[in-house]
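# Structural overview for review
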Amino acid sequence: MARIADTFARLRSKGRKAFVSYIMAGDPDRERSLEVLRGLPGAGVDIIELGLPFTDPMADGPTIQAAGQRALGGGMTLEATLGMVRAFREENDETPIVLMGYYNPIYSRGVERFLAEAKEAGVDGLIVVDLPPEEDDELCIPALKAGIDFIRLATPTTDDARLPRVLENTSGFVYYVSITGITGSAVPKPSDVAPEVARIKAATDLPVIVGFGIRDPESARGISEIADGAVVGSAIVSKLAEGGPIEELLAYVRSLADGVHSG
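Below: a short report on this structure. Here, residues in each chain are numbered from 1, in the same order as that chain's written sequence. Residue-level local features of this predicted model are given only where pLDDT is at least 70; pairs of side-chain atoms are given and counted only at 80 or more, and the full residue set underlies all totals for whole chains, interfaces and linings. Side-chain figures throughout are based on the complete set of non-hydrogen atoms in the structure, without hydrogens or water.

### Describing the overall build of the chain
Selection rule: The way it works is that DSSP assigns letters per residue, a run of H or I at least four long becomes a helix, a run of E at least two long becomes a strand, and they are numbered from the N terminus. Here the radius of gyration uses the C-alpha set of atoms, whereas the globule reference equals 2.2 Å times the residue count to the power 0.38. Each residue's exposure class comes from its accessible area (1.4 Å probe, protein chains only) as a fraction of the maximum for that residue type: buried when under 20%, exposed when over 50%, partly exposed otherwise. It only takes one pair of heavy atoms within 4.5 Å for two residues to be counted as in contact. Residue-level accessible areas treat just the shown protein chains as cover; the underlying method is Shrake-Rupley with a 1.4 Å probe. Positive charges are assigned to Lys and Arg, negative charges to Asp and Glu, while His and the chain termini are left out of the count. To locate a charge, the coordinates of NZ of Lys, CZ of Arg, CG of Asp or CD of Glu are taken.
The helix and strand tally for the chain stands at 12 helices and nine strands. Rg of the C-alpha trace for the chain: 17 Å, near the compact-globule value of 18 Å for 263 residues, within the 12% margin. Counting only C-alpha atoms and orienting by the principal axes, one finds that the chain spans roughly 45 × 40 × 35 Å. Taken over 263 residues, the chain has a buried fraction of 57%. Restricting the contact set of the chain to residue pairs at least 6 apart, pairs at least 24 apart contribute 74%. Summing over all exposed atoms, the chain offers an accessible surface of approximately 10700 Å²; the carbon and sulfur share of this is 50%. Computing the positive centroid from 26 side-chain charges and the negative centroid from 39, the chain places the two 3 Å apart.

If you want it as structure tokens, here you go:
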């Protein structure tokens with residue numbers, strides 16, 4: 001659990017915000033996906049979210065759904081995803097990796113086995129979007145006991161009555177979903193997001209990172225000015241799907257990172 005906390009502490013000491021990027025494990029294929037994964041820290045990424053491919057990604061928009069289908073079509077599995085993390089850790093022992101996905105693959109593998117393997121591979125946190133706080137005993141509490149952060153989503157519909165329950169066992173950071181809808185849809189307005197971020201920060205000491213809909217350096221900068229950082233996922237996945245040189249993709253990621261770090 002130290003990598004995520006250490007990353008935020010280091011950024012705070014420099015007066016910088018966190019840039020969190022998302023890619024889907026195995027998209028468009030294992031080799032290219034691992035090459036991108038290894039290149040993200042050098043492009044300014046502070047924390048990596050690595051998607052677990054799943055057949056029914058109900059919170060994800062068309063871009064990430066398509067990425068998941070490409071990965072699954074190439075034979076990507078949970079085991080292979082953990083293998084990617086292990087390969088990444090051969091070269092990088094500092095950048096936190098958060099697995100983001102759905103509970104079914106984890107449940108199928110077995111929670112105890114999955115957590116042991118994830119910890120051994122070098123996973124630092126989990127975002128499991130279809131496990132509400134009422135199901136914390138399923139995975140959240142065991143993950144915390146295993147030393148893996150469990151990161152919860154808060155949304156525009158998380159009211160003051162619900163927020164304390166959402167935050168109760170959250171660790172690492174809080175992921176604020178800036179819009180009502182799926183990933184990669186509307187661009188968030190900082191003026192709309194700022195009061196919500198302030199409300200969440202008044203209820204927790206954890207960093208609050210904002211995601212969904214951020215796709216250029218300007219929007220990344222605007223969000224980072226009112227939060228502890230920003231997440232970009234669909235825009236990066238979309239660029240990757242275009243099939244251009246990885247150097248061009250990483251240059252785009254660098255431009256987003258510069259936007260966040262200037263906020």
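### Some details on the pattern of salt bridges
Pairing between side chains of opposite charge can happen when their charged atoms approach one another. In plain terms, the rule: Any carboxyl oxygen of Asp or Glu that lies within 4 Å of a side-chain nitrogen of Lys or Arg is treated as forming a salt bridge with it.
Within the structure shown, the criterion is met by 17 salt bridges. The closest approach of N and O atoms between Arg254 and Asp258, which form a salt bridge, is 3.7 Å. Highlighted residues: Arg254 and Asp258, both in helix α12 (residues 246-261), separated by four residues, approximately one helical turn. Residue Asp258 is classed as partly exposed on the basis of its relative accessible area of 40%.

### Regarding the side chain of Ser178
Put simply, the rule reads: N or O atoms closer than or at 3.5 Å make up a polar contact, with two conditions inside protein: a donor-capable atom paired with an acceptor-capable one, and, for residues adjacent in sequence, both atoms drawn from side chains.
Mapped onto the elements of the fold, Ser178 is located in the loop between β7 (174-177) and α9 (190-201). With relative accessibility at 11%, the residue Ser178 sits in the buried group. From its side chain, Ser178 meets the backbone oxygen of Gly211 in a polar contact 3.0 Å long.

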